[in-house]
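A look at the structure
Residue strings, one per chain:
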Amino acid sequence: MRHSPVARHFPVARNLPPLMLTPLVKTVRILKELSVIPICREVDMSTQETSLADGEHIVLCTSAFDCGGRCPLRVHVKDGVITRIEGDDYEDEENQLRACWRGRAYRHWIYHPDRLLYPMKRVGERGKGEFERISWDEAMDTIVGQLKRIKETYGNSALFYGGGGHMGALHTAGSLAKALAMFGGFTSGYGNISSEGAVWAVMSTYGDVMVGHSREDLLNAKLIIMWGWDPVRMVSGTDAIYNLTKAREAGIPIISIDPRYHDSAATLATEWIPILPGTDAAMMLAMANVIIKENLQDQAFLDKYTVGLDELKDYVLGIEDGVEKTPAWAEAICGVPAQRITDLARLYATTNPACLMDCQGPARAAYGEQYNRCAITLTAMTGNIGKPGGSACGGLMGIPYGHMFRSAGVPGMRNPAEAGGPSIRGTLDINLRLVRRIHVNKIWDGFLKGTAGGYPADIKAAWFAGGNPLNQRGNANKGVRALKGLEFFAVQDMFLTPTARYADIVLPVKSFAEKNELTRPWPAGPYLTYSNQSIEPLGECKSDWEIGNLFAEKMGFEDFNDKTEDEWLRIFIATNPEYQQHITDYDKFKSEAIHRIKLDEPYIAFKAQIEDPENNPFSTPSGKIEIFSQRLADLNDPHTPPVPKYIADGREDKNHPLAAKYPLQLLTPHPRVRVHSTLQNVDWLVEVDPHVMWINPADAESRGIRDGDEVYVFNDRGKLAIKAWVTRRIIPGVISIYEGAWFNPDDEGIDRGGCTNTVTDDAYSPGGAAILKTSLVEVNKA
């Protein structure tokens, strides 16, 4: 149902979250920091004052978190202490890259009273968080001794190593991985917890992961569909919100399709279409049905650039299985009225150009890769690929300028423990990729079951360089059992995270402000950044790179590292092709801390393939966009069909037998005030956006739940406690809790931290996606 702007906002205005009940001035300040409303540029804000106090100076840097922005920061320092942090003040406001709340709150994170400052060893039961301070020598000697024992007793494959969370070039855990490879190797995780479903989809259809447009191209669209995309929270390039705001102001219709009326929909969209989680593919296929039956497809485009439309027609029209994928068929699955599906299909097919923006979130589900494949198929059917104002879909949104995939790094070496497996080049068979590795969302199961359970190794020890996997992988309670069963466990991080609480040795790590680094945004530039060290390291903290070097030194690996931090960074600039192209003066780059890459026109994914297909074929076996994939057909697996399909087999949804016991579907979107689990403990951020569970009034009333009540969310995997926010901004039958809150089980096993992975599943889809958004739960009052 289409609402006017007033009607759209009024029903929920009486029951907004705490953020939206703040005074107008504070709200304007928050929106300005989010770069949501351009008019805020004219607001006089004392927090933005740039004059310096006596003895104060400004250091230019960025963060290096696993978020989609890499925002320039102006760090004010006096007497060696950070006094405040500002965002970008670039003179051309059209090209400012504004930091969100997270970037502006880093000072409270860096100086947090719970910050780890010294190496620690466990003195109590695992998980109790009882540690005592030790020296670096004792910590590293203990680690070296234990790893040698594990190797001699069980072999190198018994050691598991993983990490994550830092997105720089030098100060990553790459040096530690290299040192452990020289030690004889280790078992590791396969895949990306965030984007594996989307990666599988684009590789099966395009053969390429660079599927984005630079964000200013949004202004060339005549229609924008945000399908599962909430860019206010999931930062997809620092300039995404600004360009979406300009598109809205230019009168470009923006439609949001999502189970939630999220902040992006409330701020940017002209229409919200609610949909049941995990059913996007059904609605997309019904749109394809309408387009085909009404002959609205761009047949010339399909004939020239794609293969497989006939096979898709057989499925969509019901010739293959006797079930036509009509809008009425989809309505019964996804809850969107058939007429609205029909109208949207016609609108999308007849609006030229139109930009359909899918995302990675809905792909983190059972068969989530089919959502991305269906989105790509719709863009191909309407001829929107490779043209200004269109999109290629695929969820990844990256462009080949400043992308983290093209970053530099210390040369590594092959991991001997994983050598000898089958060739995986070009394969879409996830099973081949798991012969020597454990899927990232199955590591706890792998730890517990080992080779007897079909995994490549019997894990006896683990070392995690950040990442907080106990908190960020499915089924945290299984993770507790797995970590308690290890003979030795080491963690390096900035805080005593839920994962670190189970470690035998914990090593303190530097923040971004305590080191020099090259950083890049992971989905899109176009810019390159340099993060200058702002302050001296706190306590005895070291970077991941330094810890790897120290381990190598303790192992006696000669000439492991013969360069300083500055020497490595200069080498990266001099040898990396993209830096070579754009950076001619290292010292100038370091001083300015950012190089904005000037594009003559917006970057358009696959423009070259569309304009000159003979000389620029797609990187697929056919050289075309593969709606039908012969590689998938050859797998002969109904769960990885050769054309995109809606598959409901075995998923936890309203039709699953478990729904009788656990009738609510759980969404776990990105938080606005954390980067996954990082920044969990920052007071400013907790204040502006408290951690709550979204629940529709219909579901709350039937359970006797009122707004603000503490409730339990539970299933067979665990139980968590959290406060309820009763709101019509989420559809009935679905609840939403932001991922990343810290797992904190009490003596009864109830997670008092509200960690979503207390109840999510540790499984993966046929395309390799971690299915953290396919969970059934029940809710009752605490």
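About the cut-offs
- Numbering of residues starts from 1 in each chain and follows the order in which that chain's sequence is written.
- In keeping with the model being predicted, local features are shown solely for residues with a pLDDT of at least 70 and side-chain atom pairs are shown and tallied solely at 80 or more, while totals for entire chains, interfaces and linings include all residues.
- Where side-chain values are given, they derive from all heavy atoms of the structure, hydrogens and water being excluded.
- Helical segments are the DSSP runs of H or I of at least four residues, strand segments are the runs of E of at least two, and each set is numbered from the N terminus.
- Summary of the burial criterion: residues with accessible area below 20% of their type's maximum are buried, those above 50% are exposed, and those between are partly exposed, where the area comes from a 1.4 Å probe applied to protein chains only.
- Throughout, a contact is declared for two residues whenever any of their heavy atoms are within 4.5 Å.
- The Shrake-Rupley method, run with a 1.4 Å probe, gives the accessible areas here. Residue values count only the displayed protein chains as cover.
- A positive count includes Lys and Arg, and a negative count includes Asp and Glu. His and the chain ends are not counted in either.
- Throughout, a charge is located at the NZ atom of Lys, the CZ atom of Arg, the CG atom of Asp or the CD atom of Glu.
- Here a polar contact means two N or O atoms within 3.5 Å. Within protein one must be a hydrogen donor candidate and the other an acceptor candidate, and residues neighboring in sequence count only if both atoms are side-chain atoms.
- Here a strand pair is declared whenever DSSP counts at least two bridges between the two strands.
- In this analysis an axis means a line fitted to C-alpha atoms, helices contributing only their contacting stretch, and an angle means the value between N-to-C directions, from 0 to 180 degrees.

The next subject is the overall build of the chain. Helix and strand content of the chain: 27 helices and 26 strands. Counting only C-alpha atoms, the chain reaches 75 × 65 × 65 Å along its principal axes. For the chain, with 782 residues in total, the buried portion stands at 62%. Across the chain, the fraction of contacts at a sequence separation of at least 24, relative to all contacts at a separation of at least 6, is 75%. By element, 50% of the accessible surface of the chain is carried by carbon and sulfur atoms, the whole surface being about 28,900 Å². Treating the 84 positive side-chain charges of the chain as one cloud and the 99 negative ones as another, the clouds have centres 3 Å apart.

Moving on, we get to the side chain of Asn 715. Positionally, Asn 715 belongs in strand β23 (residues 710-715). A polar contact is formed between the side chain of Asn 715 and the backbone oxygen of Val 759, at a distance of 2.9 Å.

In spatial order, the strands read β17-β18-β19; together these three strands make up an open sheet with antiparallel pairing. With partners counted over all chains shown, the strands left at the sheet margins are β17 (517-519) and β19 (594-596), one partner each. Put simply, the sheet's adjacent strands are angled 15° from each other on average, direction ignored. Of the pairings in the sheet, the one linking strand β18 (residues 527-531) to β19 comprises three bridges and is antiparallel in character. Bridging from a neighbouring strand, Tyr 527 pairs with Arg 596 of β19.

By the element assignment, Phe 464 lies in strand β14 (residues 461-466). A relative accessible area of 4% means that Phe 464 is categorised as buried. Separated by 76 residues in the primary sequence, Phe 464 and Pro 388 place their C-alpha atoms 43 Å from one another. Not counting residues within four places of it along the chain, the set of residues in contact with Phe 464 comprises Phe 160, Gly 162, Ile 443, Trp 444, Phe 447, Pro 469, Phe 489, Ala 490, Val 491 and Gln 492.

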